[in-house]
Amino acid sequence: MDYRKTAAGILECIGGKSNIVSAAHCATRLRLVIADNSKCSKEELENVEGVKGVFEASGQLQIILGTGVVNKVYDEFITLSGASAASKEDVKAAAAQKGNPFQRFIKTLGDIFVPIIPAIVASGFLMGIMESLNFMINAGYLNLNPDNALFFLANLFSNTAYVFLPVLIGFSAAKVFGGNPYLGAVIGMIMVHPNLQNAWGKTAGIDSYLDVFGLYKVPLLGYQGHVISVIVAVFIMAAIEKRLHKRVPAMFDLFVTPLVSVFVTGFLTMTVVGPVFNFVESSIINGVQALISIPFGIGSLVMGTLYAPTVVTGIHHMYSIIDLGQIQEFGVTYWLPLASAANIAQGAAALAVALKTKDKKLKAMALPSSLSAFMGITEPAIFGVNLRFFRPFVCACIGGGVGAMFASITGLGATGTGVTGIFGILLCLNAPLKYILMFVIAAAVSFILTWMFGYKKEETAPAKAKEVEASNEEITVCAPMTGKIISLQETGDETFAAEILGKGFAIEPSEGKAVAPCAGTVSTLMGHAVGLTCDNGAELLIHIGVDTVKLEGKHYTAHVEEGQHVNAGDLLMEFDISAINKEGYRTVTPVIVANTEDYSEITGASGEIKSMETLMTIRK
């Protein structure tokens, strides 16, 4: 590849050097912040030699080039553009500043809720399972004693994340707002203190009120399941804490700042912030419910149709407020099935494109993207396939609307949030048949419309004058570490899941060592990833962790250098699994065949695997 030519092509397609705000790269992607997106042509970018995919995320234009290529293209890009090299954190900060206030607000909500989604999902799943078991017991389908220890404890665990949700939100919000996360958690604890009446037990009315200096009275009611009031309270606490840190002498700071921050915020929360924003949140939830309860599912048809466009704009991060508010208010969320229908429809549209296209590159992107969307991760399908041709996106929006309308008419509700697609049924075990029918309807409408109207099959490419006869030679790639093999779709990263960088498998490591799976030369070395050009012709990327680029090499120790030749089994890198997990990142390690197009078949092992056992067999 002519790296300078590739860099020049990228520079031209993004509107020239004057349109660059910031530039950086990770192990696989060129990450750019663009001043004026209207000057950037994504279609032309995707046709530049070496570019494997283009998408926007978090205000960044991310151009996927692959390991061993991105750093060389980046060097040429910096030389041609005259831009100064920036760190990934610099680019992230520049992207955040580029957004308007609404975009920054939505991003803030996403930053608060994304880290606590696993806890919400766990409780939601368990609530769904317990509801289905209770139904079968009461209906006589299952003979099970609900008083046994296992059943009792499962019931106890099932709603824990929702009962103490303000604590989780308080901790996460304080980190986002720059306050002490433990003080944020204390504010959350105050809002669900056992001396307050439980918000879920107010069916008989409010027990007592607090007289505020004889001016007015507020109910002594807890904030179980509430969201907005907690976020506002912690925002106030963080603002007070940061101001006090600047003004209180260091010798008193440890005592004065936490005391004043918690007391003042707690008082304001229980007397003003809580009651006011509790009313605001209830109004929003009731308004949304009124909309999606319009007769014949008309409101849900509209919202299901518009859901995917809100994903494109990033607004969907605020929907956690609706889900959690509805669970608090009604015991289930009627919003999540609408979102699930929309996501399923995007997957079906991408599947129709994958089956209809003759373009191998597009097929290789569209098929895994559709499977990813069926699992609830829609970005690869939306940005990589459907929006690229637009009409599949529109067809998918219609399919999502029809599926959402069915969900509304049948009163389908989910016991939790955070998971859509195939696994979303675990949140709807109270009505699994309704969920399955919703899934089928959304997928069928989207697929049929896309097949008929959404995508025009390309003309068959003219046959090459000379075809290179494929070899049946097999190459074995060993496991670089000990652990459990999983699919790329299970990594949780849309780029790996869509196999944009190439096919392969991932390993959940059980020990913090990565070795060379075969003899070769180290082509790329970053803090968290190693690129290897093997002597047998395979080009491998060993990417230790998901999104661990943000650690910038922390908790990783490299034992090789770029350009160094290694033998199979040589130690490449050590990493601290426990420390990385504590930072909030998974150490799941994709092992990617970067030059997938050179091979006709890639098969792999499954289950537990030890270092240097056969992981993949690839056939030329």
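Residues numbered from 1 in each chain as written. Predicted model: local features only at pLDDT ≥ 70, side-chain atom pairs only at ≥ 80, totals over all residues. Heavy atoms only, no water.

(A) Spatial organisation of the overall build of the protein chain. Scanning the protein chain for helices and strands turns up 21 helices and 20 strands. Over its C-alpha trace the protein chain gives a radius of gyration of 26 Å, about what one expects of a compact globule, namely 25 Å for 620 residues. Summarising its shape, the C-alpha atoms of the protein chain cover approximately 90 × 65 × 55 Å along the three principal directions. Residues classed as buried in the protein chain amount to 50% of the 620 residues present. For the protein chain, the share of sequence-separated contacts (at least 6 apart) that also reach a separation of at least 24 residues comes to 73%. Counting only carbon and sulfur atoms, one obtains 61% of the accessible surface of the protein chain, whose full area is about 28000 Å². Once the 43 positive and 51 negative side-chain charges of the protein chain are each reduced to a mean point, those two points are 5 Å apart. (Helix = DSSP H or I, 4+ residues; strand = E, 2+ residues; numbered from the N terminus. Rg over C-alpha atoms; globule rule 2.2 N^0.38 Å. Buried < 20%, exposed > 50% of the residue type's maximum accessible area, 1.4 Å probe, protein only. Contact = heavy atoms within 4.5 Å. Areas by Shrake-Rupley, 256 points an atom, 1.4 Å probe, with all protein chains shown as cover. Lys, Arg positive; Asp, Glu negative; His and termini not counted. Charge placed at Lys NZ, Arg CZ, Asp CG, Glu CD.)

(B) Layout of the packing of helix 16 (residues 360-374) against helix 17 (residues 379-389). Close contact between helix 16 and helix 17 brings their axes to 8 Å; oriented N to C, the two are set at 125°. What the angle tells us is that helix 16 and helix 17 run oblique. For the element pair helix 16 and helix 17, the recorded crossing hand is left-handed. In this structure, helix 16 contributes Leu 362, Met 365, Ala 366, Ser 369, Ser 372 and Ala 373 to the contact, and helix 17 contributes Pro 380, Ala 381, Gly 384, Val 385, Arg 388 and Phe 389. Among the residues forming the contact of helix 16 with helix 17, the class breakdown is eight nonpolar, three polar and one charged. (Axes fitted to C-alpha atoms, helices over the stretch in contact; angles between N-to-C directions. Parallel < 35°, antiparallel > 145°, perpendicular 65-115°, else oblique. Left-handed = near helix turned anticlockwise from the far one by under 90°. Nonpolar A, V, L, I, M, F, W, Y, C, P; charged D, E, K, R; others polar.)

(C) Just the environment of Tyr 455, in detail. Summarising the element assignment, Tyr 455 is placed in the loop between helix 19 (432-454) and strand 7 (474-478). According to the relative accessible area criterion, Tyr 455 is buried, its value standing at 6%. Separated by 103 residues in the primary sequence, Tyr 455 and Ala 352 have C-alpha atoms spaced 8.2 Å apart. Not counting residues within four places of it along the chain, the set of residues in contact with Tyr 455 comprises Val 353, Lys 356, Thr 357, Leu 362, Phe 389 and Thr 450. One polar contact links Tyr 455 to Thr 357, side chain to side chain, over a distance of 3.3 Å. (Polar contact = N/O pair within 3.5 Å; in protein donor to acceptor, adjacent residues only side chain to side chain.)

(D) Representation of the state of the cysteines within the structure. Within the structure shown, the criterion is met by one disulfide. Cys 518 shares a disulfide with Cys 534; S-S distance 2.5 Å. Placement of the pair is Cys 518 in the loop between strand 10 (513-515) and strand 11 (520-525) and Cys 534 in strand 12 (residues 529-534), with a sequence separation of 16 residues. Across the pair, exposure class does not vary: Cys 518 and Cys 534 are buried alike. We note that Cys 13 lacks a disulfide partner, and the nearest cysteine sulfur, in Cys 40, lies 7.6 Å from it. A residue is classified by how much of its surface remains accessible, and Cys 13, at 7% relative accessible area, is buried. (Disulfide = S-S within 2.5 Å.)

(E) Representation of the sheet that holds strand 18 (residues 601-604) in the model. Taken in spatial order, the three strands of this open sheet run 7-20-18, and their pairing is antiparallel. Both edges of this open sheet fall to strand 7 and strand 18, since each of them pairs with a single strand only. Going from strand to strand, the sheet's axes swing by 20° on average, the running direction of each strand aside. Where strand 18 and strand 20 (residues 614-619) come together, four bridges link them in antiparallel fashion. (Pairing = 2+ DSSP bridges.)

(F) Representation of the sheet that holds strand 15 (residues 565-566) within the structure. Reading across the sheet, the eight strands line up as 15-11-12-13-17-9-8-19 and stay open at both edges, with antiparallel pairing between neighbours. The sheet terminates laterally at strand 15 and strand 19 (607-609), the two strands that pair on one side only. Bridging between strand 13 (residues 539-543) and strand 17 (residues 589-593) involves three bridges; their strand directions are antiparallel. Residue Leu 541 lies in a different strand from strand 17, and its bridge partner there is Ile 592.

(G) The arrangement of helix 16 in detail. Its 15 residues give helix 16 an end-to-end C-alpha distance of 21 Å, which sits within 8% of 21 Å, the value for a rise of 1.5 Å per residue. Every buried residue belonging to helix 16 is among Leu 362, Met 365, Ala 366, Pro 368, Ser 369, Ser 370, Ser 372, Ala 373 and Phe 374, and all of these are buried. Looking at the buried residues of helix 16, the elements they touch are helix 15 (335-356), helix 17, helix 19 and helix 20 (494-497). Among the residues trailing helix 16, Gly 376 stands out with phi positive, at a value near 105°. (Expected span 1.5 Å × (residues − 1).)

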